[in-house]
Amino acid sequence: MGAAAREAGTDRRGAVVAALMLAMALAALDSTVVSTAVPQIVGDLGGFSVFSWLFSGYLLAVTVTLPVYGKLSDTFGRKPVLVAGAAVFLLGSLLCAAAWNMAALIAFRIVQGLGGGALQGTVQTLAADLYPLKDRPKIQSKLSTVWAVSAVAGPGLGGVLAAYADWRWIFLINLPIGAAALWLIVRHLHEPKRAPRTPPRVDWAGALAVFACGGVLLTALVQGGVAWAWWSAPSCALFATGLALAGLVVWTERRAAEPIIPGWVWRRRTIAAVNLALGALGLLMVAPTVFLPTYAQSVLGLAPVAAGFVLSVWTLTWPVSAALSQHVYRRIGFRDTALLGIGAATLILIAFPFLPYPGSAWQPTLLMLLLGAALGLFQLPLIVGVQSTVGWAERGTTTASVLFCRQTGQTIGASVFGAVANGVLATRLGGAGDLDSVTRALDDGTAPEATRHAIADAVHAVYFGAACAAALAFVVLLVLAPRRFPVLTER
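Residues numbered from 1 in each chain as written. Predicted model: local features only at pLDDT ≥ 70, side-chain atom pairs only at ≥ 80, totals over all residues. Heavy atoms only, no water.

- The name an unreviewed UniProt entry assigns to the protein chain is MFS transporter, from the organism Streptomyces sp. 900105755.
- Quoted verbatim from the Subcellular location (unreviewed entry) field of the UniProt record, the comment on the protein chain reads "Cell inner membrane". (UniProt positions renumbered as here; feature names shortened; annotations may be inferred.)

## Some remarks on the overall build of the protein chain
- When its secondary structure is counted, the protein chain shows 19 helices and zero strands.
- Counting only residues that meet the buried cut, the protein chain has 53% of its 491 residues in that class.
- Here the analysis covers contacts within the protein chain between residues at least 6 apart in sequence; of these, 83% occur between residues at least 24 apart.
- For the protein chain, the accessible surface area stands at approximately 20,700 Å², while carbon and sulfur atoms represent 69% of it. (Helix = DSSP H or I, 4+ residues; strand = E, 2+ residues; numbered from the N terminus. Buried < 20%, exposed > 50% of the residue type's maximum accessible area, 1.4 Å probe, protein only. Contact = heavy atoms within 4.5 Å. Areas by Shrake-Rupley, 256 points an atom, 1.4 Å probe, with all protein chains shown as cover.)

## Overview of the environment of Leu 283
- With respect to the secondary-structure elements, Leu 283 resides in helix α12 (residues 269–298).
- Each C-alpha atom, one on Leu 283 and one on Gly 465, is 9.2 Å from the other, the two residues being 182 residues apart in sequence.
- Residues contacting Leu 283, with those up to four places away along its chain left out, are Gly 409, Gln 410, Ile 412, Gly 413, Phe 417 and Ala 469.

## Quick notes on the nonpolar core
- If you look at the biggest cluster of nonpolar residues, it comprises 69 residues, and the most contacted ones within it are Leu 284, Tyr 295, Leu 375, Phe 378 and Leu 382.
- For this core, the secondary-structure elements that each account for two or more residues are α11 (264–267), α12, α13 (304–312), α14 (314–332), α15 (334–351), α16 (362–387), α17 (392–429) and α19 (449–480).
- The element contributing the most residues to this core is α12, with 15 residues.
- Setting aside its immediate chain neighbours within four residues, Tyr 295 contacts Leu 300, Phe 352, Leu 355, Pro 356, Pro 358, Ala 456, Val 459 and His 460.
- Ala 15, Leu 82, Val 146 and Ile 185 belong to the second-largest nonpolar core, a separate cluster that totals 30 residues. (Core = buried A, V, L, I, M, F, W, Y, C linked by side-chain atoms within 4.5 Å.)

## Brief notes about the packing of helix α3 (residues 53–76) against α17
- Contact geometry of α3 with α17 gives a least axis separation of 7 Å together with a crossing angle of 170°. One way to sum up the angle between α3 and α17 is to call them roughly antiparallel. Contact residues: α3 offers Leu 59, Val 62, Thr 63, Leu 66, Pro 67, Gly 70, Lys 71, Ser 73 and Asp 74, while α17 offers Trp 392, Ala 393, Glu 394, Arg 395, Gly 396, Thr 397, Ala 400, Leu 403, Phe 404, Gln 407, Thr 408 and Thr 411.
- Residue composition of the contact of α3 with α17, grouped by class: nine nonpolar, eight polar and four charged. (Axes fitted to C-alpha atoms, helices over the stretch in contact; angles between N-to-C directions. Parallel < 35°, antiparallel > 145°, perpendicular 65-115°, else oblique. Nonpolar A, V, L, I, M, F, W, Y, C, P; charged D, E, K, R; others polar.)

As structure tokens, then:
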């Protein structure tokens, strides 16, 4: 009976892991699939001037809901939060497929994002719940593989559906995947009964304040320098409103019995250090994900597919390195393993500006392969390590805080590095100009060779900034993080 019970438990856990991978695939595929169908969507619905909100709106909703879902999962359990989040995501997908204009599609993408925040945070938390510390790299490497496959397959899948079916199928395809994930979760995920909190209280005022503050500040960062100038009235008004709301969040959370963002998230050295380090990771990731494809096409002269390959190769080494990192951190610890990874990433990012002009495609490809390996060695030990320092009742909040900081870092990085690239271009070309308009001129064949040099200099400056972000993460871990994480022996 004992062996049979253990076998049944293993089968059930395998089904839950499959459900988590399907749920993560929904979130991972989302932006990459949609990006390649933008021309067809705009051609059908119009709204070219605001189509970027298809991505920004989704990102904002995911980011600002992460802390809320993390706290809810610690209060009510992972299963109800994951089921509710998946249901909202699928509802948003169905509504997106039925959108009648661009404004409706953007609104429904935000609905998708409200569910996507639950998918990202709760899946990562459940991964730590299901496996003891020594086995967690297995599930984390599987989830990393989902992201890697999605990054490679997503653009192609989106292009095929848009070209040979209809762009609405990009959203409809989520329904069977999500339905399978929901069925597996409902049927096979059985959380152990925990001592109930009497009574469980939800800080709804804090949740609303966090949502409003995050939404306003992230909107200011996303749209600043794009929809309006940085020092324009809309930009200043949004930042002022966001800072006022940040004060309201602090005031509300300090008085709440069960705050959405508890103070211990920043008072504990380990969690605070990991939050800051992964925020820097989000910052540096903008350089390759946003600017490398432009570099590959405009400077190296590659076709879009080849340029996408140069970027996607880091998804080959990242999950492999993440899976192997357990053999390193078991010997030298979580912090030192992460220091090794981010130290290597700093050197790789610094090497990019020294690539010859115009260079060959194999050179940035090799750097991206190495960068993926370095970041796999950096990120996974920090996530596994920080989840292992807290008990079940704090794991959702801790995981959400880490993911929130990484997402916020990406948003800040897109704004900061966009301003850096445009500033370098304006200086090199002797006037006003931005990366988008310059690359369009290159595509049209109306730009001189000096423009390619200017783009190369702009991207090199962005990579140097990414190297500074990596160095900042190194310093944060070295100074703030304890050499040995205070791992609990709970599991």
